[in-house]
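Given next are the chains, with one letter for each unit.
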Amino acid sequence: MMKDYTLHTRGGVITERNADYATVRLRIPAGVLTADQLRQIARISVKYGDGSVHLTMRQTAEIPHVNPENLAKVAKALEKNGTPIGAEQNEVVNIMACPGTERCKYANCETIDLARKIDARVFGKELPIRLRIAISGCTYMCNSPLLNDIGIIGRIRPLRIPGLCTGCGTCVEYCKQCAISLKNGISVLDEEKCVQCGVCVHSCPYHLLKSEYDHYQITVGGWRGTTPRVGRELVTVETEEEVVEVVDRIVYWVYRTAWSGRPLADQMDEIGFEKFAEGIRKEFGEKAAEA
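Values in this document were obtained by computation on a predicted structure and should not be read as measured data.

Enquirer: Requested: an account of the overall build of the chain, with residues and values cited.
Expert: A count of helical and extended segments in the chain gives eight helices and eleven strands. Reported as C-alpha extents along the three principal axes, the dimensions of the chain are approximately 75 × 45 × 35 Å. Of all 291 residues assigned to the chain, the portion counted as buried reaches 46%. Contacts spanning at least 24 positions in sequence make up 67% of the contacts within the chain whose residues lie at least 6 apart.

Enquirer: Quick rundown of the pattern of salt bridges? Include the residues and the values.
Expert: All chains considered together, the criterion is met by 20 salt bridges. A salt bridge links Lys117 to Asp113, with the nearest nitrogen and oxygen atoms 3.6 Å apart. Taken together, the residues Lys117 and Asp113, both in helix 3 (residues 112-122) and four residues apart, mark about one turn of the helix. Between Asp248 and Lys125 there is a salt bridge, with its nearest N and O atoms 3.3 Å apart.

Enquirer: Summarise helix 7 (residues 273-283); cite the residues concerned and give the values.
Expert: Considered for burial, the residues of helix 7 that qualify are Phe273, Phe276, Ala277 and Ile280. Burial along helix 7 is one-sided: seen end-on, the buried residues are contained in an arc of 100°. Away from its buried face, by an angle of more than 90 degrees, helix 7 presents the exposed residues Lys275 and Lys282. Check the buried side of helix 7 and you find it contacts strand 10 (210-220), strand 11 (232-237) and helix 6 (240-257).

Enquirer: Give a description of empty space enclosed by the protein that names residues and reports values.
Expert: In the structure shown here, the tally under the stated rule is two cavities of 30 Å³ or more. Counted as a void, the largest cavity has a volume near 80 Å³. Cys175, Ile180, Cys194, Cys197 and Cys200 are, among the 13 residues lining the largest cavity, the residues nearest its centre. Taken together, the residues of the lining of the largest cavity sort by class into ten nonpolar, three polar and no charged. Volume-wise, the second largest cavity comes out at about 30 Å³. Taken together, Arg132, Leu147, Asn148, Asp149, Gly222, Trp223 and Arg224 make up the full set of residues lining the second largest cavity. Split by residue class, the lining of the second largest cavity holds two nonpolar, two polar and three charged.

Rules behind the numbers
Every chain is numbered on its own, with residues counted from 1 as its sequence reads. Only residues with pLDDT of at least 70 get local features here, since the model is predicted, and only at 80 or more are side-chain atom pairs given and counted; chain-wide, interface and lining totals rely on the full set of residues. The side-chain quantities take in all heavy atoms of the structure and omit both hydrogens and water. Labels follow the DSSP assignment, with helices taken as runs of H or I lasting at least four residues and strands as runs of E lasting at least two, numbered in each case from the N terminus. The buried label goes to any residue with under 20% of its type's maximum accessible area, the exposed label to any with over 50%, and the partly exposed label to all in between, with areas taken from a 1.4 Å probe on protein chains only. Residues are treated as being in contact if the distance between any of their heavy atoms lies within 4.5 Å. For this document, the term salt bridge refers to a Lys or Arg side-chain nitrogen within 4 Å of an Asp or Glu carboxyl oxygen. For this quantity, the arc is that covered by the directions from the helix axis to the C-beta atoms. Residues are said to line a cavity or pocket when one of their atoms sits within 4 Å of a point; the points come from a 1 Å grid over protein atoms alone, cavities being sets where a 1.4 Å probe fits but cannot get out and pockets being open sets with protein on both sides within 12 Å along at least five of seven lines. Grid points are joined across faces, edges and corners, and a volume is the space filled by probe spheres set on the points. We call Asp, Glu, Lys and Arg charged. Ala, Val, Leu, Ile, Met, Phe, Trp, Tyr, Cys and Pro are nonpolar, and the rest, Gly among them, are polar.

Here it is, written out as structure tokens:
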């Protein structure tokens, strides 16, 4: 886990352009805060910063313009608030997640509690590179998991039971992939076009479409920098516990094999991704490997 360095060298303490000040980044898995936590962050910013709070693209917050002499007081206040100093260097940084089934009508899985579980297991672990993780509850992927070092996507493989379809065409209308058509009065799925988004299952007014396989797709090696890369599929698993375990294995693999100074996307083949993936797929079952 994260070593107990002095506050000045912690990843969440970022030297500003004016080196007399620092920006303090917070640890907020999935970007979820209570109203009381928000109020206290504001108070800390007023007392020790410039009175502003910057919301980052990784669903965390930063308190700008902090005098380094006050870092110990800021750290203590943030820890008490449940929003401790975060990470930004070569380590696992803030875990991103969409609202998931808690609020989003398109989501196929719960995401926020999963983000907290992953945070508890791997956040702040020292690595040769900075590692970004994003969780999306569906294949619309609003937070771009495929462009993160580790992406987790909730998916549903639809099941059509012969003889039950009424031919109403609702699923055809809702499918944005044009993977469903009506033939002889029943809906027919084109497997090659289907992205397993689950919209057809959710939209069926008669609840005749079911899920054959609720699962998480896990990808590795995404990158959103100057030369964006889409992450490669590693494995699909069925439970949150398996997701956390696979993520932990990926982090350890990166720790043991990756080179510093280069994004994970640029060194996947050199550090043996295919061999690593083969081992993961064998360990987590044939069903996951074939899905």
